[in-house]
Amino acid sequence: MFADYMINAWIATSLVAVAAGMVGFFVVVRGAAFAAHALPLGAFPGLAAAWLLGIAPWSLILAFAGLGAFGLARSGEKAPHHTATALWLVSMLALGNLLLSRMHAYSNAVFAVLFGEVLGVSNTQVLAVAAIVAVTVIAMALLYRPLLLSTLSPDLAAAAALPERRIATLFLLIVALVTSAALPLVGASIVFSLMVGPASAARLMTDRPGWALGLSVLLALSTVWSALALAYEADWPIGAFVGVMGAVWYGVGRIVRWQSGRLRRG
Amino acid sequence: MDQDALRVDGLFLSRSGRTVLSGVSFALAPGSFCGLIGVNGSGKTTLIRALLGLLPADAGGIEGAARGHRALGYVPQKIDADPYMPLRARDVVALGFDGHRYGLPLPSRRRRDRVAAMLAAVGADAFADRRLGDLSGGQQQRIFIAHALVREPQLLLLDEPLANLDMPSIAGIVSVLKRIARESGVTVLISSHDVNPLVGALDRVIYLAGGGAVSGRPDEVLRSGVLSRLYGHHIDVLRVHGRLVIVPAGETHPIAPDEPHVERLE
């Protein structure tokens, strides 16, 4: 399972898990899960177009995800604006569908777009992922406290003279960035699960924001590592396991919180 | 050095093109405990946003020592963060200390001591390590007051902090605020649609109605003649069982929603 051709897969998925776990924490506590669902799927036509044109997918995915992030930031990422998010999502799926219908490689390619293709990651791909993840980690470290404050209350952030709207836009762009790194590996339909599943459990398991963020990264790492092992040993598609684990982590988190609540009450 | 903590002169404010305040003037003495009273929609929140520097004035000025976000503490009307957000009461107060700074928070003795001192000052020691979402409304309000005070502002602005609290919590919050104003010399401006829970504690009342304001000692302002001139029609100020009831002539319902408070008039 650690054969030469697997090494790149291990490195790339681990890097993506670190970024997804960090960003996912804020996705969950900001209530931006739906936006994080729409961005990867909204970037799906980018991947399809790249496939059709026979070029490296990164730039087109990033373009679509970035466009989506800007659009969502303008309409707002939270509940009252779910209509805009949903419409973006569906129109992008429609565009992707159109592009795929022009392709002749059909099912294999469609499958890879939606559910990821982790075996056979090239050295250039690993470098691109590493660069994106490095930018993400630095941006998250810089924005950590302002994001916490504006998540707690946009009013408090504004009163502390923070550019609250700009921070929200920047955050969605970071989500788009992580999306573009993760999408070709785990697939458009699974990125969401990797971003949200571990984080949603971690926030229930500890009361401290820093610990929850760290725990979210650890759970994301354990998810992709087990997914990769299963992909190698049992020939499971990596996306399938990552997708299911997201929901499993959420359930584990609920149980831990329920138990700790019982302990506290005696 | 300014004599007043804050001086508002002929202030005009509008919101979405509608003039909310037209020519409001008042001054707040340092260390005074002031109530901003008016029905819903009378411009209390608009005025507070202008004092915070979040809303530009159409005309008139705001002057005094308590200008700029460093000199102001703020408790917004509504904070609806994710109840599962992993954030202890202590973390919320720490975000008041340095939540506006970029970069990761390094361990700091000064921050830890300030946060502990503020938690003690608002009587929150007992629940300092509990998750914000697990606290009662009154407990959360104490934490947000500590958040607002931790950077030692000169003026503390609270937007309807007593709404939706039960009577013991209201009495507790008012006595904490009153003590802080007396002991640390912070000027407190607290808005409320109902004057009754505050009236025994206030040094000064600023009463908003019909786009204007009158200010003065409670016994100067809360009078039939004064409020009738402000509203432009006859207003009765009645004392019923030790409570103030403010009613326009010819209407059966009092202006301030009548909740069963037991605060006594001096």
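Residues numbered from 1 in each chain as written. Chains lettered and ligands numbered in written order. Predicted model: local features only at pLDDT ≥ 70, side-chain atom pairs only at ≥ 80, totals over all residues. Heavy atoms only, no water.

1. Remarks on the overall build of chain A
Alright, step 1. If you tally the helices and strands in chain A, you get twelve helices and zero strands.
Alright, step 2. The N-to-C order of helical and strand elements in chain A reads α-α-α-α-α-α-α-α-α-α-α-α.
Alright, step 3. In terms of overall dimensions, chain A is globule-like: its C-alpha atoms have a radius of gyration of 18 Å, near the 18 Å expected for 266 residues.
Alright, step 4. For the C-alpha atoms alone, the extent of chain A along its principal axes is close to 60 × 40 × 30 Å.
Alright, step 5. A total of 266 residues make up chain A; the buried ones form 56% of that total.
Alright, step 6. Taking as baseline every contact in chain A between residues at least 6 positions apart, the subset at least 24 positions apart corresponds to 80%.
Alright, step 7. Carbon and sulfur atoms make up 70% of the accessible area of chain A, which totals about 10900 Å².
Alright, step 8. With 14 positive and 8 negative side-chain charges, chain A shows a separation of 15 Å between the mean positions of the two kinds. (Helix = DSSP H or I, 4+ residues; strand = E, 2+ residues; numbered from the N terminus. Rg over C-alpha atoms; globule rule 2.2 N^0.38 Å. Buried < 20%, exposed > 50% of the residue type's maximum accessible area, 1.4 Å probe, protein only. Contact = heavy atoms within 4.5 Å. Areas by Shrake-Rupley, 256 points an atom, 1.4 Å probe, with all protein chains shown as cover. Lys, Arg positive; Asp, Glu negative; His and termini not counted. Charge placed at Lys NZ, Arg CZ, Asp CG, Glu CD.)

2. Remarks on the packing of helix α3 (residues 44-53) of chain A against helix α5 (residues 82-101) of chain A
Residue and element names in this part refer to chain A.
Alright, step 1. Following both chains from N to C, one finds α3 and α5 inclined at 15°, their axes separated by 8 Å at the closest point. Classified by the interaxial angle, the pair formed by α3 and α5 is roughly parallel. The two elements α3 and α5 meet at a crossing, and its hand is left-handed. Residues Phe44, Pro45, Ala48, Ala49 and Leu52 of α3 lie in contact with α5, whose contacting residues are Met92, Leu93, Leu95, Gly96, Asn97, Leu99 and Leu100.
Alright, step 2. Among the residues forming the contact of α3 with α5, the class breakdown is ten nonpolar, two polar and no charged. (Axes fitted to C-alpha atoms, helices over the stretch in contact; angles between N-to-C directions. Parallel < 35°, antiparallel > 145°, perpendicular 65-115°, else oblique. Left-handed = near helix turned anticlockwise from the far one by under 90°. Nonpolar A, V, L, I, M, F, W, Y, C, P; charged D, E, K, R; others polar.)

3. As for the interface of chain B and chain A
Alright, step 1. Across the contact, 33 residues belong to chain B and 33 residues belong to chain A.
Alright, step 2. Of the roughly 2900 Å² buried between chain B and chain A, counting both surfaces, carbon and sulfur atoms make up 62%.
Alright, step 3. On the chain B side of the interface with chain A, the three residues burying the most area are Tyr84, Pro86 and Tyr102 of chain B, jointly 22% of the side's total.
Alright, step 4. Counting every contact that joins chain B to chain A gives four salt bridges.
Alright, step 5. One can count twelve residue pairs in polar contact (both at pLDDT 80 or more) joining chain B with chain A.
Alright, step 6. When contributions to the side of chain B that touches chain A are tallied by element, the ones reaching two or more residues are α2 (89-98) and α4 (137-149) of chain B.
Alright, step 7. When residues of the side of chain B that touches chain A are assigned to their parent elements, the largest contribution, four residues, is made by α2 of chain B.
Alright, step 8. Per-class residue counts for the side of chain B that touches chain A are 17 nonpolar, five polar and eleven charged. (Buried area = accessible area lost by both parts, 1.4 Å probe. Salt bridge = Lys/Arg side-chain N within 4 Å of Asp/Glu carboxyl O. Polar contact = N/O pair within 3.5 Å; in protein donor to acceptor, adjacent residues only side chain to side chain.)

4. Re a nonpolar patch on the surface
All names here are of chain A.
Alright, step 1. The grouping of Val244, Val248, Val252 and Val256 at the surface amounts to a nonpolar patch, some 270 Å² of accessible area in total.
Alright, step 2. Looking at the element boundaries, valine 256 is found in helix α12 (residues 238-265).
Alright, step 3. Residue classification places valine 256 among the partly exposed residues on the basis of a relative accessible area of 32%. (Patch = residues over 30% accessible without salt bridge, like charges linked within 9 Å, V, L, I, M, F, W, Y side chains within 5 Å.)

5. Side note on the confidence of the model for chain A
Alright, step 1. For chain A, per-residue confidence averages 85 on the pLDDT scale, and 93% of positions sit at 70 or higher.
Alright, step 2. When mean pLDDT is taken per element in chain A, helix α7 (residues 123-152) of chain A scores highest with 93 and helix α6 (residues 106-115) of chain A scores lowest with 67. (pLDDT = per-residue confidence, 0-100.)

6. Some words on the environment of proline 76 of chain B
Alright, step 1. For proline 76 of chain B, the location among the structural elements is in the loop between β5 (72-75) and α2.
Alright, step 2. Distance in space between the C-alpha atoms of proline 76 of chain B and leucine 158 of chain B is 6.4 Å, their sequence separation being 82 residues.
Alright, step 3. Those residues within four positions of proline 76 of chain B in sequence are excluded, and the remaining contacts are Ser153, Asp155 and Leu156 of chain A together with Asp159 of chain B.

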